[in-house]
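So you can see what is in the structure, the chains are spelled out below.
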Amino acid sequence: MGWQVLFFISVLSLDAVQGQVSYSIPEEMNKGALIGNIAHDLGLVVDRLKSGKARIYSGNTEEYIELKRERGVLLIKDRIDRETLCGQTMQCALHFQMILENPMEFYTVTVEIADINDNPPTFERSEMKYEISESALTGARFILEKAIDNDVGVNGLDSYTLNPSDNFVLKTISRGEGTKHIEMVLQKPLDREKREHFSLILTALDGGEPQLSGTIQITITVLDANDNAPVCSKPEYTESVKENAAIGTVITTVSATDMDKGNNGKITYAIPKSAASNLFHIDPESGVLALKGKIDYEKRRVYEIDVQVSDQAGLSDACKVIVEVKDENDNPPSINIMSKSNTVSENMKPGTVLTMLNIQDPDSNENGKVMCILNDNLPFAIKSTSNNFFTVVTDSDLDRERASEYNITVTCSDEGVPSLSSSVTLTLQISDVNDNAPVFERSSYEGYIVENNTPGLSIFTVKASDADWNQNARVSYILEDSSVNGVPVSSYVSVSADSGVIHAVRSFDYEQIKDFHFRVKAQDGGSPPLSSNVTVKIIIRDQNDNPPQVLYPVQTGGSLVAEMVPRSADVGYLVTKVVAVDVDSGQNAWLSYKLQKATDRALFEVGLQNGEIRTIRQVTDKDAVKQRLTVIVEDNGQPSRSATVIVNVAVADSFPEVLSEFTELTHDKEYNDNLTFYLVLALAVVSFLFITCLVVIISVKIYRWRQSRILYHSNLPVIPYYPPRYSDTLGTGTLPHVYNYEVCRTTDSRKSDCKFGRAGSQNVLIMDPSSTGTMQRIQSEKSILDESDSLEVRWL
Ligand SMILES: *[C@@H]1O[C@H](CO)[C@@H](O)[C@H](O)[C@H]1NC(C)=O
Ligand SMILES: *[C@@H]1O[C@H](CO)[C@@H](O)[C@H](O)[C@H]1NC(C)=O
């Protein structure tokens, strides 16, 4: 923008003599610049100027303006600075005169210097520094340095701006004379903690065109005041810690900040007294929160700790630390027996509830999940009914006889790792039910008793045991009714109810009964009672209570039987055979024969086993006719019993010889010899005839019987006795016949006199004075033989 040169010509002030002219020029025109055509303006011709030697007079102001006479113009001689010329004076003009000579004339010339905006506002300093406390209140004022603008008027200082203007605003105050103060006013509190330093630019502006400005930097340092309470870095800390963590375990570090400086910002941490203060400790300086005591999840799961943070001046904040206690599997399950049966009957059905248990595990989740089991091999099971409730039930049939008591161990374990468990032992008694019958120790019993026992003798004991208990196992023994040979068994034996001892009621006779059996019942005391029975067989043992009985030779009171031995008999001649029986049995009936006394011991011997009497040397004429042998028959019993028999032997070749001898013999016995002899003789003949007939008849009968080939079955007990069968092997004997006896047939061994078939020889000489007795005997024999088909007598 160029500067316009303004010409102000005051025509009004021009007069004839003394003219006056004014010009207005801006300051700072270039040297040589035209101010005005003064010649023209004054109405003068240039020549006049020349002739008048026109010049300007201005005191000391000349230097700025020069007159060019030849052209009649005023020019700028030197640069004019209005501010130098006039300072802050608004009207600034140069006054001078132009003088002419020939005629002397002078003219007043005024050159007004107009301001141009050539000066910016300026500040004395480049920077202003302020220190302002942050506690300064809003409205606080701070005077600022003014700017200076040498220009005047509109070009002078016009306004200020402050930038940025967040905290401060500018305020200009006019005090009298128009001098302006400028202030900056705090409109928003300062916060050192937010911003410690501010740098503001104050700009001063003038009103010129173009506008000029000057700036100054305002540096503000905010001074700290303890205006900040400490502040927790986090309003809430959430941490977790395992229960049972060791004392001293660091949970977290609480931190707080205090934006104040120095002591104002020094923070201490503390936990106010509370329940948690016993468990937690905070380092006052570092804020490290650590465990001080034992924490237990089961007591409390969450702790809220208020940590107080405070600065030295007592400003404080509270940080909250939430400590979650994490569960550890530190509690074994606890087993509470809610109800239980101590005793259960053995006939309980499977599924019977025995015990109810409640299991508690204060741990959480897996650590508190509990399962229970029973020890192995028990007829019980454990069932979970609902949460934490378990029942122990019977799983199979119980049997008190197998196990009368159980120790049921219930073990409950949680699912924590490692798992914790606890157990409880329940003792269960099984009560008895009468479900077992008594059982005899043996399936059958056999007892022995020796005959001729004393009545009341105990034979043996039956024993039954009952697996049940107490009354259910109390066994009584009962003799079951039966009969032995038509007699109630109770008349034979009795059974002691308590002990099972079997007593003989009577004295037994082996020869009458050899054995019998009966049943004994064992019954327990249960309700209803159970029983079982057993067969008992009693075997009667033989005793040697019967002496041997000599069947032959027949020993009759007065009769005299003699065996005849011819004098010509060789050595070993069979004289006769002593036949004896013993109704006992076994050893007791095993007979042996011995010669006890003999007229001549050297002549005869008796077969030990068979009772045969034989000669042992040649008979001589010197031998007495009459030989008397006493044979003793002994059985083998202990002690043995014996019988003796006297065998008369006549060593003679003829009857008369014998008779003569035996007459003497009988004479000794004071018999009426003659009469007796004849009677005997007669009877012998008769008997001989009779027997001959009898044999014939029987032979016929047997023949028939054999023809019929009917096997014989006897329904009667038989004690057969077979005397040794004899055959004369040497062929020298005079008994060319076979003895075959079937002797004893009896239904009652006590009637120990056996019936017997006759054995004899034609050489037998029977001399019995009481002939009727013999006859009777023969008769009775016949009748017996008739009665029984089994009897066989062969007499050849
Ligand atoms: C059960 O335990 C008790 C005591 O420990 C013991 O006396 C008894 O013999 C045990 N019973 C069984 C059947 O194990
Ligand atoms: C004896 O026991 C058997 C089974 O061992 C039984 O069959 C019988 O009836 C019982 N007798 C009596 C009389 O009780």
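In this text, all values refer to a predicted model and were calculated from it rather than measured experimentally.

1. A short note on the overall build of the chain
Along its length, the chain carries 6 helices and 54 strands. Counting over 796 residues, the chain shows a buried share of 43%. Residue pairs in contact within the chain that sit at least 24 positions apart in sequence constitute 66% of those at least 6 positions apart. Carbon and sulfur atoms make up 51% of the accessible area of the chain, which amounts to about 41900 Å² in all.

2. A closer look at a nonpolar patch on the surface
On the surface, Val685, Phe688 and Leu689 cluster together to form a nonpolar patch covering roughly 310 Å² of accessible area. Structurally, Leu689 can be placed in helix α5 (residues 673-708).

3. Considerations on the sheet that holds strand β1 (residues 20-26)
Reading across from one edge, β1-β7-β6-β3 is the order of the 4 strands in this open sheet, with mixed pairing throughout. Here the strands that pair on one side only, and so sit at the sheet edges, are β1 and β3 (55-57). Neighbour-to-neighbour, the strand axes of this sheet turn through a mean angle of 30°, independent of strand direction. For β3 and strand β6 (residues 93-100), the ladder comprises 3 bridges, and the chain directions are antiparallel. Bridge pairing links Ile56 to Met98 in β6.

4. Things to note about the nonpolar core
Generally speaking, nonpolar side chains in soluble globular proteins are found buried as a group. Within the largest apolar cluster, 29 residues are counted, with the highest numbers of intra-cluster contacts made by Ile38, Ile65, Leu74, Met98 and Val111. Of all the elements in the fold, those that place two or more residues in this core are β1, α1 (38-42), β4 (65-68), β5 (73-76), β6 and β7 (105-114). Discounting residues that sit within four places of it in the chain, Leu74 has contacts with Tyr23, Ala33, Leu34, Ile35, Gly36, Ile38, Ile56, Ile65, Glu66, Leu67, Phe96 and Val109. In terms of nonpolar packing, the next biggest core, distinct from the first, is built from 28 residues, Val489, Val495, Ala522 and Ile540 among them.

5. Thoughts on the site of ligand 2
Every residue lining ligand 2 is accounted for by Glu480, Arg519 and Asn533. In isolation ligand 2 offers 360 Å² of accessible surface; the protein chains occlude 30% of this area.

6. Some thoughts on the pairing of strand β21 (residues 267-270)
Of the two faces of β21, the one holding Ile267 and Tyr269 is buried and the one holding Thr268 and Ala270 is not buried anywhere. As paired strands, β21 and strand β24 (residues 302-311) are joined by 4 bridges and run antiparallel to one another. Paired with Ala270 across the strands is Gln308, a residue of β24.

7. A short note on the environment of Ile632
When you line up the elements, Ile632 lands in strand β52 (residues 626-635). Overall, the relative accessible area of 12% leaves Ile632 in the buried class. Counting along the chain gives 37 residues from Ile632 to Leu595, while the straight-line C-alpha distance between them is 6.2 Å. Contact partners of Ile632, with chain neighbours within four places excluded, come to Ser592, Tyr593, Lys594, Gln596, Ser642, Ala643 and Thr644.

8. Regarding unusual backbone geometry
Between Ser527 and the following residue, Pro528, the backbone shows a cis peptide bond with an omega angle of 0°. Mapped onto the secondary structure, Pro528 falls in the loop between β43 (515-523) and β44 (531-541). The step from Tyr552 to Pro553 runs through a cis peptide bond, and the omega angle for that step is 0°. Mapped onto the fold, Pro553 is located in the loop between β45 (549-552) and β46 (560-565). Positive phi, close to 65°, is recorded for Glu28, a residue that is not glycine. If you trace the backbone, Glu28 turns up in the loop between β1 and β2 (34-36).

9. Looking at the sheet that holds strand β9 (residues 127-133)
One open sheet accounts for 4 strands, arranged β9-β16-β15-β12; its pairing is mixed. In the strand order of this sheet, the two ends are held by β9 and β12 (157-163), each with one partner. The average undirected angle you get between the axes of adjacent strands in this sheet is 25°. In this sheet, strand β16 (residues 213-223) lies alongside β9 in parallel orientation, the contact comprising 7 bridges. In the sheet register, Lys129 faces β16, and the bridge partner there is Thr219.

10. Describing the confidence of the model for the chain
Regions with low pLDDT should not have their predicted coordinates read in detail. Averaged over every residue, the pLDDT of the chain is 80; the share at 70 or more is 83%. Confidence drops under pLDDT 50 across residues 1-17; counting only partners more than four residues distant or on other chains, this segment forms 37 contacts. Contacts of residues 711-796 to residues separated by more than four positions or lying in other chains number 140 contacts, the stretch itself having pLDDT below 50.

11. Notes on the packing of aromatic side chains
This model, assessed by the stated rule, comprises 12 aromatic pairs. Aromatic side chains Phe123 and Tyr160 sit 6.2 Å apart centroid to centroid with 50° between the ring planes, which places their arrangement in the tilted category. In this pair, Phe123 sits in strand β8 (residues 122-123) while Tyr160 sits in strand β12, placing the two residues 37 residues apart along the sequence. Of the residues examined, Tyr160 reaches a relative accessible area of 15% and is grouped as buried.

12. Let's talk about the side chain of Glu346
Within the element layout of this structure, Glu346 appears in the loop between β27 (343-345) and β28 (353-360). Buried and without a salt bridge, Glu346 has Arg400 as its closest oppositely charged side chain, separated by 4.4 Å. Here the side chain of Glu346 touches Arg400 through a polar contact of 2.9 Å, landing on its backbone nitrogen.

13. Structural notes on the side chain of Asn544
Structurally, the position occupied by Asn544 is in the loop between β44 and β45. Reaching out from Asn544, the side chain makes a polar contact with the side chain of Asp635 at a distance of 2.7 Å. Not counting residues up to four positions away in its chain, the partners in contact with Asn544 are Asp582, Asp584, Asn588, Asp635, Gly637, Gln638, Pro639, Ser640 and Arg641.

14. Quick word on the pattern of salt bridges
Where charged atoms from two side chains of opposite charge approach closely, those side chains can pair. This structure, assessed with the given rule, holds 14 salt bridges. Lys242 serves as the salt-bridge partner of Glu328, at 3.9 Å between the closest nitrogen and oxygen. Residue Glu328 is found in the loop between β25 (316-326) and β26 (334-340), and its partner Lys242 is found in strand β18 (residues 236-242); the two are separated by 86 residues along the sequence. Within this structure, Arg82, Glu83 and Asp115 form a network of salt bridges that share partners.

Conventions adopted
Numbers given to residues run from 1 along each chain, matching the order in which its sequence is written. For naming, the first written chain is A and the first written ligand is 1, with later ones following in the order written. For this predicted model, a pLDDT threshold of at least 70 governs which residues receive local features, and a threshold of 80 or more governs which side-chain atom pairs are given and counted, while totals over whole chains, interfaces and linings are taken from all residues. The side-chain figures draw on all heavy atoms in the structure; neither hydrogens nor water molecules are used. Think of it this way: any DSSP run of H or I at least four residues long counts as a helix, any run of E at least two long counts as a strand, and we number them from the N terminus. Relative accessible area decides the class of each residue, using a 1.4 Å probe on protein chains only: under 20% of the type maximum gives buried, over 50% gives exposed, and in between gives partly exposed. Every residue pair with non-hydrogen atoms within 4.5 Å of one another is taken to be in contact. Using the Shrake-Rupley algorithm and a 1.4 Å probe, accessible areas are obtained, with residue cover drawn only from the displayed protein chains. Each patch is built from salt-bridge-free residues with over 30% relative accessible area, joining like charges within 9 Å and nonpolar side chains (Val, Leu, Ile, Met, Phe, Trp, Tyr) within 5 Å. Salt bridges are counted wherever a side-chain nitrogen of Lys or Arg sits within 4 Å of a carboxyl oxygen of Asp or Glu. Strands were regarded as paired on the criterion that DSSP finds at least two bridges between them. Fitted lines through C-alpha atoms give the axes, limited to the stretch in contact for helices. The angle between two N-to-C directions lies from 0 to 180 degrees. Buried Ala, Val, Leu, Ile, Met, Phe, Trp, Tyr and Cys residues that are joined via side-chain atoms within 4.5 Å together make up what is termed a nonpolar core. Whether a residue is near a molecule or strand depends on its heavy atoms: if one lies within 4 Å, it is near. pLDDT is defined as a per-residue confidence score from the predictor, taking values between 0 and 100. Stacked, edge-to-face and tilted are the three classes for Phe, Tyr and Trp ring pairs, Trp counted by its six-membered ring, which pair at centre distances within 6.5 Å; planes under 30 degrees apart are stacked, over 60 edge-to-face, the rest tilted. When charges are counted, Lys and Arg contribute as positive and Asp and Glu as negative, whereas His and the chain ends are disregarded. Identification of polar contacts relies on pairs of N or O atoms within 3.5 Å, with a donor-acceptor requirement for protein atoms, meaning one able to donate a hydrogen and the other able to accept it, and with residues adjacent in sequence counted only if both atoms are side-chain atoms.

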